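Observations on the model geometry
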Amino acid sequence: MGLLHTVNKSPFESNTFDTCLGYAKDGSTVLLIEDGVYAATTGNSAADKIKNASGVTFAVLGPDLQARGLEGKLADGIKVVDYEGFVNLAAECDSVQAWL
Amino acid sequence: MAVKKFMYVNRKAPYGTVYALESLEVVLIGAAFDQDVSLAFIGDGVYELTKGQNTDAIGQKNFSPVYSALGDYDVNKIYVEKESLEERGLTLDDLQHLVWEDEDEDWAEKDSIRLVSRADLADVMAEQDICLSF
């Protein structure tokens, strides 16, 4: 599998998410963690960018989504993983690029 | 002691950084001084008020229930910026319902949250003696 990108910043607070998308090639996975999970919610500009990033797999860390009360706002097509799933993704992918 | 108008401006999402919790702590401490207090939630700060927060799996304290206690501390002017909610795909229904009891009207329960436009909030901000930003 390709690269695993992690994003831990809100897309409305910094350009980390946008920068990551610019580097996310086909076959790579973007995992949204901590404040990065806000990009996985519906009805905002980040949701449109995810929809347009074809060839990239998007995942979100469930515990961080639950902490923020946003499980019900999850956008379509984004896989929810737990901590074990995070580890599996890191193990399956060629390497991890943590966008801070 | 003369009463001053204090506004606490909240601009950060909870849990990712400590700003939201620190702000809440300062508001509660400040509430002991009988000042005219208001809170503003703008930008990612609106995420502080989402309902249904559950932090069991991330090992952090869920401090969101504390917002519903603010009314008991006479903190009942809570401004939420309309544009910030809309930009994030949120509505008032996604937020906690915060209330306070009005002593002058036989403890009638009233809404604490005031949904305001950016322009209106700028006016309220301009009326303050002191703004504290988090």
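Calculation notes
- Residues numbered from 1 in each chain as written.
- Chains lettered and ligands numbered in written order.
- Predicted model: local features only at pLDDT ≥ 70, side-chain atom pairs only at ≥ 80, totals over all residues.
- Heavy atoms only, no water.
- Salt bridge = Lys/Arg side-chain N within 4 Å of Asp/Glu carboxyl O.
- Helix = DSSP H or I, 4+ residues; strand = E, 2+ residues; numbered from the N terminus.
- Pairing = 2+ DSSP bridges.
- Axes fitted to C-alpha atoms, helices over the stretch in contact; angles between N-to-C directions.
- Contact = heavy atoms within 4.5 Å.
- Phe/Tyr/Trp six-rings, centres within 6.5 Å; stacked < 30°, edge-to-face > 60°.
- Buried < 20%, exposed > 50% of the residue type's maximum accessible area, 1.4 Å probe, protein only.
- Buried area = accessible area lost by both parts, 1.4 Å probe.
- Polar contact = N/O pair within 3.5 Å; in protein donor to acceptor, adjacent residues only side chain to side chain.

**Section: the pattern of salt bridges**
- Here the structure, examined in full by the defined rule, presents 13 salt bridges over all chains.
- With its nearest N and O atoms 2.9 Å apart, the salt bridge here joins Asp18(A) to Lys49(A). You can see Asp18(A) sitting in helix α1 (residues 16-23) and its partner Lys49(A) sitting in helix α2 (residues 45-52), a full 31 residues away along the chain.
- The closest approach of N and O atoms between Glu105(B) and Lys110(B), which form a salt bridge, is 3.1 Å.

**Focus on the sheet that holds strand β1 (residues 4-7) of chain A**
Residues and elements named next belong to chain A.
- An order of β4-β3-β2-β1-β5 is seen for the 5 strands of this open sheet, with the pairing classed as parallel. Because the sheet does not close on itself, it has two edges, and the strands there are β4 (79-81) and β5 (96-99). Pairwise comparison of adjacent strand axes, ignoring direction, gives a mean angle of 25° for this sheet.
- Pairing analysis gives 4 bridges linking strand β2 (residues 29-32) to strand β3 (residues 57-61), with the strands arranged parallel. Bridging from a neighbouring strand, valine 30 pairs with phenylalanine 58 of β3.
- Against the sheet, α1 contacts β1, β2, β3 and β5, and its axis sits at roughly 170° relative to β1.

**Regarding the packing of aromatic side chains**
- Counted according to the given criterion, the structure contains 5 aromatic pairs over all chains.
- Here the aromatic rings of Tyr38(A) and Tyr47(B) are separated by 3.6 Å at their centres, their planes lie at 15°, and the arrangement is stacked. With Tyr38(A) in the loop between β2 and α2 and Tyr47(B) in the loop between β2 (36-41) and β3 (78-81), the pair connects residues from two separate chains. Taken as a pair, Tyr38(A) and Tyr47(B) share a single burial class, namely buried.

**Some details on the interface of chain B and chain A**
- Facing 23 residues of chain B, the contacting portion of chain A comprises 19 residues.
- Across the interface of chain B and chain A, roughly 1500 Å² is buried in total on both sides, 49% from carbon and sulfur atoms.
- At the junction of chain B with chain A, the criterion picks out 1 salt bridge.
- In this structure, Lys73(A) and Asp94(B) form a salt bridge, with 3.0 Å as the shortest nitrogen-oxygen distance.
- The interface formed by chain B and chain A includes 8 residue pairs in polar contact (both at pLDDT 80 or more).

**Section: the sheet that holds strand β1 (residues 5-10) of chain B**
Residue and element names in this part refer to chain B.
- Within the open sheet, the 5 strands sit side by side as β6-β3-β2-β1-β7. Their pairing is parallel. In this open sheet, the two edge strands, each paired with only one partner strand, are β6 (113-116) and β7 (130-133). On average, each strand axis in the sheet is inclined to that of its neighbour by 25°, with strand direction left out of account.
- Note that β1 and β2 share 6 bridges and pair parallel. Bridging across to β2, phenylalanine 6 finds its partner in valine 37.

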